[in-house]
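Here is how the chains run, residue by residue.
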Number of protein chains: 2
Amino acid sequence: MRSCLTSEEIKTRLSLAGVNPTAQRIAICRFVLCDADHPTADDVKTWADKNFPMVSRATVYNTLNTLVQVKILKEVRVSHSNKVMYDSNTEHHYHFFDETSGKLIDIDPDRVEVKADLPKGFKMHEMEIVFKGKVK
Amino acid sequence: MRSCLTSEEIKTRLSLAGVNPTAQRIAICRFVLCDADHPTADDVKTWADKNFPMVSRATVYNTLNTLVQVKILKEVRVSHSNKVMYDSNTEHHYHFFDETSGKLIDIDPDRVEVKADLPKGFKMHEMEIVFKGKVK
DNA sequence: ATCTTAATTTAGAATTAGTCTAAAGTTATG
DNA sequence: CATAACTTTAGACTAATTCTAAATTAAGAT
Ligand SMILES: [Mn+2]
Ligand SMILES: [Mn+2]
Ligand SMILES: [Zn+2]
Ligand SMILES: [Zn+2]
């Protein structure tokens, strides 16, 4: 998905975020930032086993958690799955869940207008929306 | 939460849904429909152990899954927890996640107006919204 | 009521997703 | 180079949920 970053660019992003750009982290980053689309940890591990067979399960989870902490990724959990999905789009956006493919599709928040009249005393600072349906 | 149903009313609801109203199912229903607020399976089990100590873990999960199937409950999964929460409100509604208490609060959809201009070919039939913030 | 079958519940094993541990390997620094 | 700090790893562990197979209970037919 999105234009692929070079190794150098990935290194820079990691360093700027205060994360040492190790080989494993760069490899995982390349996959989650360039090739994958809302992958699960298991998707990452499966890819690594094929393409970069020097990454342990622990490192996959450690790295994904680190990337979430430094806001290079966002965690997404949705009602139809019990696995965490990792989102390389850290900008505010929404999702469409395609019931046919089981995939999440990003929805630009500019296409969505929400007016919520929340009860008194509710201070909202974030909103998650998942549209569900089919894409044809 | 909401006005408590009598045993008879619960029996009727289960029967109408095609589910045999066994003692365990009635007990679980009373808890999830009358007393609990977006409980997890574990909440149900903990309550059962105290108040109706004849319900196994398997029955808790079986019953909750059955109640979801017959649409007496809805499953809710949200990004801050890896446990399924069971919602006795099966009407279309949204949620506010109170980051202080960790609880979900129902939001009447009449208070929320959403205008989504989804891409061509997207047929949406349901929308999930979780507002996040704090209630004071 | 008794027999027979189907539905339900149960304890505990199994599975799945994810975390933790402690040792081994790597990287950064003086 | 030496040493400390950081990272990775295999595999043990945990938490949530599902599965299995036996025991219990309920329903239906004589
Ligand atoms: Mn996480
Ligand atoms: Mn379920
Ligand atoms: Zn996304
Ligand atoms: Zn609700």
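Since this is a predicted model, take the numbers as computed values, not measurements. (Residues numbered from 1 in each chain as written. Chains lettered and ligands numbered in written order. Predicted model: local features only at pLDDT ≥ 70, side-chain atom pairs only at ≥ 80, totals over all residues. Heavy atoms only, no water.)

1. Some remarks on the coordination of the zinc ion (ligand 3)
Residues and elements named next belong to chain A.
1) Next: Listed as protein donors to the zinc ion (ligand 3) are His38 (NE2), Asp87 (OD), His93 (NE2), His95 (NE2) and Asp106 (OD); their distances from the metal cover 2.0 to 2.3 Å.
2) Next: All donors of the zinc ion (ligand 3) come from a single chain, and their spacing in sequence reads H-x48-D-x5-H-x1-H-x10-D.
3) Next: Take His95: its relative accessible area is 6%, and that puts it in the buried class. (Donors = N, O, S within 2.8 Å, 3.2 Å for Na, K, Ca; no water. Buried < 20%, exposed > 50% of the residue type's maximum accessible area, 1.4 Å probe, protein only.)

2. Thoughts on the environment of Arg25(B)
Residue and element names in this part refer to chain B.
1) Next: Following the sequence through the fold, Arg25 ends up in helix α2 (residues 23–35).
2) Next: Between the alpha carbons of Arg25 and Leu64 there is a distance of 8.9 Å; along the sequence they are 39 residues apart.
3) Next: With sequence-adjacent residues up to four places away left out, Arg25 is seen in contact with Leu14, Val19, Asn20 and Thr63. (Helix = DSSP H or I, 4+ residues; strand = E, 2+ residues; numbered from the N terminus. Contact = heavy atoms within 4.5 Å.)

3. Some words on the packing of helix α3 (residues 41–51) of chain B against helix α4 (residues 57–69) of chain B
Residue and element names in this part refer to chain B.
1) Next: Contact pair α3 / α4: the axes reach a minimum separation of 10 Å and the direction vectors enclose 130°. Between α3 and α4, the interaxial angle falls into the category oblique. In terms of crossing hand, the pair formed by α3 and α4 is right-handed. Here Ala41, Val44 and Lys45 of α3 come into contact with α4, specifically with Arg57, Val60, Tyr61 and Leu64.
2) Next: In the contact of α3 with α4, the residues fall into 5 nonpolar, no polar and 2 charged. (Axes fitted to C-alpha atoms, helices over the stretch in contact; angles between N-to-C directions. Parallel < 35°, antiparallel > 145°, perpendicular 65-115°, else oblique. Left-handed = near helix turned anticlockwise from the far one by under 90°. Nonpolar A, V, L, I, M, F, W, Y, C, P; charged D, E, K, R; others polar.)

4. A word on the relation of the copies chain A and chain B
1) Next: In the superposition of chain A on chain B (RMSD 0.2 Å, axial shift 0.0 Å), the rotation amounts to 179°. Considering both components of the superposition, the chain copies are consistent with a two-fold axis.
2) Next: Taken as a fraction of all interface residues of chain A, those also at the interface in chain B reach 100%, which identifies the copy contact as same-surface. (Least-squares fit on C-alpha atoms with pLDDT ≥ 70 in both.)

5. Points about the coordination of the manganese ion (ligand 2)
All names here are of chain B.
1) Next: Distances from the manganese ion (ligand 2) to its protein donors, Asn65 (OD1) and Glu75 (OE), fall at 2.3 to 2.8 Å. With Asn65 in helix α4 and Glu75 in strand β1 (residues 74–76), the pair connects residues that are 10 residues apart, well separated along the chain.
2) Next: The exposure class assigned to Glu75 is partly exposed, which follows from its relative accessible area of 28%.

6. Quick word on the layout of surface pockets
Over the atoms rolls a probe the size of a water molecule, and its path tells where empty space is left.
1) Next: Looking at the largest pocket, its volume works out to about 940 Å³.
2) Next: Around the largest pocket, the lining comprises 41 residues; the ones closest to its centre are Arg77(A), Glu128(A), Val130(A), Arg77(B) and Glu128(B).
3) Next: The residue makeup of the lining of the largest pocket, split by class, is 15 nonpolar, 11 polar and 15 charged. (1 Å grid on protein atoms, 1.4 Å probe; cavity = no way out; pocket = protein on both sides within 12 Å on 5 of 7 lines; lining within 4 Å. Points joined across faces, edges and corners; volume = space filled by probe spheres on them.)

7. What to know about the domain arrangement of chain A
Residues and elements named next belong to chain A.
1) Next: Domains assigned within chain A are domain 1 (7–78) and domain 2 (89–133).
2) Next: Distance between the C-alpha centres of domain 1 and domain 2: 24 Å.
3) Next: Contacts between domain 1 and domain 2 engage 8 residues on the former and 10 residues on the latter.
4) Next: Taking both sides of the interface into account, the surface hidden between domain 1 and domain 2 amounts to around 700 Å²; carbon and sulfur atoms contribute 54%.
5) Next: When the area that domain 1 buries against domain 2 is broken down by residue, the three leading residues are His38, Lys74 and Val78, summing to 62%.
6) Next: Counting across the domain 1 and domain 2 interface gives 4 residue pairs in polar contact (both at pLDDT 80 or more).
7) Next: Looking at the side of domain 1 that touches domain 2 residue by residue, the class counts come to 4 nonpolar, 1 polar and 3 charged. (Domains from an automatic or database assignment. Buried area = accessible area lost by both parts, 1.4 Å probe. Polar contact = N/O pair within 3.5 Å; in protein donor to acceptor, adjacent residues only side chain to side chain.)

8. Concerning the pattern of salt bridges
Pairing is possible between side chains of opposite charge, provided their charged atoms come close.
1) Next: In total, this model carries 12 salt bridges over all chains according to the counting rule given.
2) Next: The partner of Glu128(A) in a salt bridge is Lys132(B), with the nearest N and O atoms 3.0 Å apart. Pair noted here: Glu128(A) is in strand β6 (residues 122–135) and Lys132(B) is in strand β6 (residues 122–135), and the two residues belong to different chains.
3) Next: The partly exposed category is assigned to Glu128(A), whose relative accessible area is 21%.
4) Next: Overall, Lys132(B) belongs to the buried group, its relative accessible area being 10%. (Salt bridge = Lys/Arg side-chain N within 4 Å of Asp/Glu carboxyl O.)

9. Observations regarding the interface of chain A and chain B
1) Next: With 36 residues of chain A in contact, the opposing surface of chain B contributes 36 residues.
2) Next: Between chain A and chain B, the buried area comes to about 3,400 Å², and carbon and sulfur atoms account for 51% of it.
3) Next: Sorting the residues of chain A by area buried against chain B places Arg77(A), Arg111(A) and Glu128(A) first, and these three jointly supply 20% of that buried surface.
4) Next: Scanning the region where chain A abuts chain B turns up 6 salt bridges.
5) Next: Run the count over chain A and chain B and you get 22 residue pairs in polar contact (both at pLDDT 80 or more).
6) Next: Elements supplying a minimum of two residues to the side of chain A that touches chain B: β1 (74–76), β4 (103–107), β5 (112–116) and β6 of chain A.
7) Next: Looking at the side of chain A that touches chain B element by element, the count peaks at 14 residues for β6(A).
8) Next: For the side of chain A that touches chain B, the residue count by class is 17 nonpolar, 6 polar and 13 charged.
9) Next: Inspection of the sheet shows β6(A) paired to β6(B) by 13 bridges, in the antiparallel sense. Looking at the pairing, Val135(A) lines up with Phe122(B) of β6(B). (Pairing = 2+ DSSP bridges.)

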